Amino acid sequence: MAEDADVIVVGGGLAGLVAATEIADAGKRVIVVDQEGEQSLGGQAFWSFGGLFLVDSPEQRRLGIKDSYDLALQDWMGTAGFDRDDDHWPRQWAEAYVAFAAGEKRDWLRAMGHRIFPVVGWAERGGYDAMGHGNSVPRFHVTWGTGPGIVEPFERRAREAQKNGRLTFKFRHRVDTLLMTNGAVEGISGSVLEADSVERGKSSSRKVVGDFSLRAQAVIVASGGIGGNHEMVRQNWPKRLGEPPKFMISGVPEHVDGRMIGITEAAGARLINRDRMWHYVEGIRNWNPIWPRHGIRILPGPSSMWFDATGKRLPAPLFPGSDTLGQLEYIMGTGYDYSWFILTQSIIKKEFALSGSEQNPDLTGKSWRMTIKRATNKGAPAPVEAFKKNGADFIVRDNLADLVSAMNALSGDNLLQLNHIKTQIEARDREITNPYVKDAQVMNMHNARRYIGDKLIRTAKPHRILDADHGPLIAVKLNILTRKTLGGFETDLGSRVFGSNGEIIRGLYAAGEAAGFGGGGMHGYRSLEGTFLGGCLFSGRNAGRAAAKAAS
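Residues numbered from 1 in each chain as written. Predicted model: local features only at pLDDT ≥ 70, side-chain atom pairs only at ≥ 80, totals over all residues. Heavy atoms only, no water.

Novice: Could you give an account of the nonpolar core, naming the residues involved and the relevant values?
Specialist: Grouped together as the largest cluster of nonpolar side chains are 138 residues, with contacts concentrated most on W76, I188, I220 and V476. Those residues in contact with V476 that sit more than four places away from it in its chain are I284, I298, S339, W340, F341, L343, F352, D393 and F394. Residues I65, V119, L299 and Y451 belong to the second largest nonpolar core, which totals 15 residues. (Core = buried A, V, L, I, M, F, W, Y, C linked by side-chain atoms within 4.5 Å. Buried < 20%, exposed > 50% of the residue type's maximum accessible area, 1.4 Å probe, protein only. Contact = heavy atoms within 4.5 Å.)

Okay, structure coming up:
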């Protein structure tokens, strides 16, 4: 049968767009199919903060940060903890990705018009030893324009290829089957869904109005993960992180359902490391939701005091911004699926940021005037103040007794004892007077303020939590927020997918989250952050170039 294109890409998110534009630039014909409408082009990346993991960048050097490929690889391997037979290709991808982040990644993006906010963030700081989890230095480079700013160059390239006849979009096309002949993939078939102009991110109609079949020499699966499908998250939940949470909120839209993963696996693709996943513990219910169970993640600075559901302070080094999965394991080990921040107005003003392009109108809108106000405003950024005022998980009181009483009322568990909370806060407050202390979190705060980026916009001047001059007191109930799949389809460095028999499936490629961002899990057990968008860029580029080269 005649081919409809040289390559078909399943998924119009960032990885799919990167792959498709590489194919079109190579002079090949590509079709991009997506079950959502045109308004959702760019997928989850559109909603992101736009953070990118870069190594030894000009932005780092201007801030006095000394970074290198060797240091970054040390951090990556200490964080990943590769320990399985299945980790051969994930390890290869990790080494290649760190080299990409230390090499051409920034210049490649910059040539397309991509720009970076000059203050580099310090995510996942660890707190163990030099060979353990965490970033030794700040590496989180925020895209100027956040998520839309990282999508825009590739959407522009895709639209140009569309005008030139090399790229075709087929929206509202839901794949049901991979077409195969003699063990090779040669196309897709599925259902056409009715047109739906629903707002980006909102749940769209699943009414079927037709069917379709498309053929090509290769198919790239770039369909994303499972974060919108809580049932699947619980099915894959690793025992090492305790029992699955009874209550979770979603950091991704409902259409991030893992459906294509099951279809591809049914066709013989080898899915590995499915129990490796990345969910946040600082989730708050969105007071103005877009998708079902919509949650937002707090990107915290280092100063908020963190208590579990029973009122016990989280142990070192599980401080805000240190070790996401370590915190998740600890919290689920308490028998409850939530925890608490207690902080002051001075801390929320300086240290709270919210993940998501829509929660950062200054950075998303590329407004220097608005962005500068983050450091000069009397209050917190407007979206943070809106959550403080309207968010179901925020409590604001003038004294600790009233705060703890309201916390018990909100949880309904009545587990918190005022004297227990007060004793722990007062003990921490006594450590504030001196720059040399034994409280590891206070040490962490002093360490953060030695970095000019944190001192300017991310770390409050150390002060007593119970100092009325820094009030009012604020408590935030923190929920588990679903986000990323770290496992995926096993691929070689050309993004070719392995079958269950260990052999390459001819014509099948995978990129982005569906491929564990490369190899079936290049992050291993944990992420250094800023690596998900970058993983989509790298694996999408590899897949697109390899598929285009293989097409005759």
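Novice: Before we move on, can you summarise unusual backbone geometry with the specific residues and values?
Specialist: For the bond running from A316 to P317, omega is 0°, close enough to zero to count as cis. Topologically, P317 is positioned in the loop between β14 (305-308) and α9 (324-333). Look at the link from G471 to P472: it is a cis peptide, with omega at 5°. As for its position among the elements, P472 is in the loop between α17 (452-457) and β18 (473-485). A positive phi angle, near 40°, is found at E124, a position not held by glycine. (Helix = DSSP H or I, 4+ residues; strand = E, 2+ residues; numbered from the N terminus.)

Novice: Can you tell me about the pattern of salt bridges, naming the residues and giving the values?
Specialist: Enumeration according to the criterion identifies 38 salt bridges in this entry. Across the pair E22 and R157 runs a salt bridge whose closest N-O atoms are separated by 3.3 Å. In this pair, E22 sits in helix α1 (residues 14-25) while R157 sits in helix α6 (residues 146-163), placing the two residues 135 residues apart along the sequence. For the pair E22 and R157, a shared accessibility class is recorded, and that class is buried. Between R297 and E529 there is a salt bridge whose closest N-O contact spans 3.2 Å. (Salt bridge = Lys/Arg side-chain N within 4 Å of Asp/Glu carboxyl O.)

Novice: Got a sec to walk through the sheet that holds strand β8 (residues 208-215)? Specific residues and values, please.
Specialist: Read from one edge of the open sheet, three strands run β6-β7-β8, paired in antiparallel fashion. Looking at strand neighbours, the two that pair on one side only are β6 (173-181) and β8, the edges of this open sheet. Put simply, the sheet's adjacent strands are angled 20° from each other on average, direction ignored. As paired strands, β6 and strand β7 (residues 184-193) are joined by eight bridges and run antiparallel to one another. Among the inter-strand pairings, H173 is bridged to a residue of β7, identified as V192. (Pairing = 2+ DSSP bridges. Axes fitted to C-alpha atoms, helices over the stretch in contact; angles between N-to-C directions.)

Novice: Any details on the pairing of strand β1 (residues 7-10)? Residues and values, ideally.
Specialist: Every second residue of β1 is oriented toward a common face, with V7 and V9 on one face and I8 and V10 on the other, all of them buried. Across four bridges, the pairing between β1 and strand β9 (residues 218-221) is parallel. Paired with V9 across the strands is I220, a residue of β9. Between the parallel elements β1 and strand β2 (residues 30-34), the chain passes through α1 in a crossover that is right-handed. (Right-handed = clockwise from strand over helix to strand, strands pointing away.)

Novice: So what about the packing of aromatic side chains? Which residues, and what values?
Specialist: We describe a pair of aromatic rings using the distance from one ring centre to the other and the angle between the two ring planes. If you walk through the whole model with that rule in mind, you get 26 aromatic pairs. Here W122 and Y451 contribute two aromatic rings whose centre-to-centre distance is 6.5 Å and whose plane-to-plane angle is 85°, an arrangement assigned as edge-to-face. With a gap of 329 residues between them, W122 in the loop between α5 (105-110) and β4 (140-142) and Y451 in the loop between α16 (440-449) and α17 connect regions that are remote in the sequence. For the residue pair W122 and Y451, the accessibility class agrees, reading buried in each case. Three or more aromatic residues joined by ring pairs form one cluster here, namely F53, W76, W93, Y97, F100, W108, F154 and F538. The ring centre of F46 lies 3.7 Å from the NZ or CZ of R200, which sits over that ring. (Phe/Tyr/Trp six-rings, centres within 6.5 Å; stacked < 30°, edge-to-face > 60°. Lys NZ or Arg CZ within 6 Å of the ring centre and 35° of its normal.)

Novice: How would you explain the packing of helix α14 (residues 400-411) against helix α15 (residues 418-430) if you had to name every residue and give the values?
Specialist: When two helices pack together, their arrangement is captured by the angle between the axes and the distance separating the axes. Running from N to C, α14 and α15 cross one another at 125°; their axes reach a closest spacing of 10 Å. It follows from the interaxial angle that α14 and α15 lie oblique. Considering how the two elements wind past one another, α14 and α15 form a crossing that is right-handed. Across the interface between the two elements, L400, A401 and V404 of α14 pack against L418, I421, K422 and I425 of α15. Per-class residue counts for the contact of α14 with α15 are six nonpolar, no polar and one charged. (Parallel < 35°, antiparallel > 145°, perpendicular 65-115°, else oblique. Left-handed = near helix turned anticlockwise from the far one by under 90°. Nonpolar A, V, L, I, M, F, W, Y, C, P; charged D, E, K, R; others polar.)

Novice: A description of the side chain of T344 should follow, citing residues and the corresponding values.
Specialist: Relative to the helices and strands, T344 resides in strand β15 (residues 338-344). Apart from residues no more than four positions distant in its own chain, T344 is found in contact with H463, R464, I465, H470, P472, L473 and I474.

These results come straight from atomic positions and should not be treated as a statement about function.
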